[in-house]
Amino acid sequence: MTGGGGPGAISMRIRVALLALVVTAGASILGSSVARADPDDGSSVPIGAFRWDGWFEGARDQAILDSETGADRLPYSARRDAGGALRLDGDMDHVLAADVAYARGIGIDYFIFGHYPDTGSWNRDERYHLALNRALSAYLRLPDRLGVRFAISLHQSFPAGDLPDIAEAVATFVAHPDYMRTGSGAAPLFVYAMDETMWPRSTGTPTAARALFDRLRAIVAERTGVSLVLIVQDYDPASGRRQAAMMGADMVTSYTTFAPGPGGAVSFAACADHARNRWRHAMALGVPSLPTLTLGWDSRPRARFYKPGPAPKRAWCGPPDEDTLAALFHDAIAEAPTASAGGPFESIVVYAWNEFTEGGWMAPTKDEGGTRLADLRAALGRAPELPDVV
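Calculation notes
Residues numbered from 1 in each chain as written. Predicted model: local features only at pLDDT ≥ 70, side-chain atom pairs only at ≥ 80, totals over all residues. Heavy atoms only, no water. Disulfide = S-S within 2.5 Å. Helix = DSSP H or I, 4+ residues; strand = E, 2+ residues; numbered from the N terminus. Buried < 20%, exposed > 50% of the residue type's maximum accessible area, 1.4 Å probe, protein only. Pairing = 2+ DSSP bridges. Axes fitted to C-alpha atoms, helices over the stretch in contact; angles between N-to-C directions. Contact = heavy atoms within 4.5 Å. Phe/Tyr/Trp six-rings, centres within 6.5 Å; stacked < 30°, edge-to-face > 60°. Lys NZ or Arg CZ within 6 Å of the ring centre and 35° of its normal. Salt bridge = Lys/Arg side-chain N within 4 Å of Asp/Glu carboxyl O.

K.L.:
Outline the state of the cysteines, supporting the account with residue identities and numerical values.
P.N.:
Throughout this description, disulfide means a covalent bond between two cysteine sulfur atoms. Evaluated as defined, the whole model comprises one disulfide. One disulfide in the model links cysteine 271 with cysteine 317; its S-S distance is 2.1 Å. Taking the sign of the S-S torsion, -105 degrees for the link of cysteine 271 and cysteine 317, the bridge is left-handed. Placement of the pair is cysteine 271 in helix H10 (residues 268-285) and cysteine 317 in strand E11 (residues 315-317), with a sequence separation of 46 residues. Across the pair, cysteine 317 and cysteine 271 agree in class, each one buried.

Here it is in structure tokens:
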């Protein structure tokens, strides 16, 4: 196992240094032109969209999209080569430029990119983690991000020995002029926590987990002068509240809200109500939170691919419709100030920009084209027109 001081850590420091060059170059290109335009409807509640960036050549889900069960979910940027093989370019600059244009065209304020440690600790695949981080690098290379900012989610836990490298990467991101800010100028940092044992297992004890995040805050503040707002992603608001207390986090949210019920198809309206119930549960608990909106959940292609045989019993959402989306976004935006419960960040987050094999996406696909974008544009009323993107 390679710890924070091993060869993997050294290579990560080199990569962070290169990232800093990208960040600096992006800042010099944009100069003072990074001022954000206000949403067209005057709303002050920013909308973030979670991203999954495993859409590159050789990605683990590539075979799912190339199968019969995933054929109707091919992202708009997918292509076939001369031999008919599926190619994925989701980590390329031109695709990130298109994503940014599409997001700006419907009123998305910021993307939430996962950041994956590439130190090699715990025998993790450094190359695969680097590949997962390439979409963010491509976004940072864009000469103009059209006012679509970004935030980071620590999608994986890590040993305490990796903290210096992780903190250096987070500080580099936070220093970027397009990193998302709260009203007070703090920087939101999302932390994925699938259950209450995830981070204590990684660090040894709950006390050690708290010390790790306290130290992360201190390092970033020292290097950037910016305070972090830690936002725990937990599927259950009550568990999220306990995790936030354990980690010293400021707020809670959820990456997704799945589909309600023991199994089978449920309407998108039922899935939207399920999402409402989740954020309203957090409000009832009095925990500062960001409402999570769903674009759907249907992971059957993944389940069938990774576990051949009889399909496990699980629920999935029907496709979204414009009226239900409009009501869901309206409620979330209206309730976001109350949900924040005096916390440092008012925002809503959407699952997801591009979770094609899990069933939650708003990005165009080969099958649907830009139907979902058009529905969301109508639901939000924030942007006058969708840009043409070739």
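K.L.:
So what's going on with the pairing of strand E4 (residues 110-115)? Residues and values would help.
P.N.:
Note on strand geometry: in a regular strand, side chains alternate between the two faces of the sheet. Among the six residues of E4, six are classified as buried, and the element is accordingly described as predominantly covered. The side-chain alternation of E4 yields two buried faces, one formed by Tyr110, Ile112 and Gly114 and the other by Phe111, Phe113 and His115. Alignment of strand E1 (residues 47-50) against E4, held across three bridges, turns out to be parallel. The residue bridging glycine 48 from the neighbouring strand is tyrosine 110, located in E4.

K.L.:
Lay out the sheet that holds E1 in plain terms, naming residues and giving numbers.
P.N.:
Taken in spatial order, the eight strands line up as E8-E7-E6-E5-E4-E1-E12-E10 in an open sheet, and their pairing is parallel. Unpaired on one side and paired on the other, strand E8 (251-253) and strand E10 (292-294) mark the two borders of the sheet. For this sheet the average axis-to-axis angle between neighbouring strands, irrespective of direction, equals 30 degrees. Where strand E5 (residues 149-154) meets strand E6 (residues 187-192), three bridges bridge the pair, whose relative direction is parallel. Paired with isoleucine 152 across the two strands is leucine 189, which belongs to E6. The sheet strands contacting helix H5 (residues 134-141) are E4 and E5, and the helix crosses E5 at an angle near 160 degrees.

K.L.:
How would you explain the packing of aromatic side chains if you had to name every residue and give the values?
P.N.:
Within this structure, the stated rule accounts for 22 aromatic pairs. Among the aromatic residues, ring-to-ring pairing joins Phe50, Phe190, Tyr192, Tyr235, Tyr255, Phe258, Trp297 and Tyr351 into one connected group. Arginine 60 extends its terminal NZ or CZ atom over the ring of tyrosine 128, reaching a point 3.7 Å from the ring centre.

K.L.:
Explain the pattern of salt bridges residue by residue, including any values.
P.N.:
In the structure shown here, the tally under the stated rule is 21 salt bridges. A salt bridge links arginine 87 to aspartate 81; the shortest N-O distance between them is 2.8 Å. Relative accessible area serves as the criterion here: at 28%, arginine 87 is assigned to the partly exposed category. With a relative accessible area of 25%, aspartate 81 lands in the partly exposed category. In this structure, a network of salt bridges that share partners links the residues Arg51, Asp53 and Asp99.

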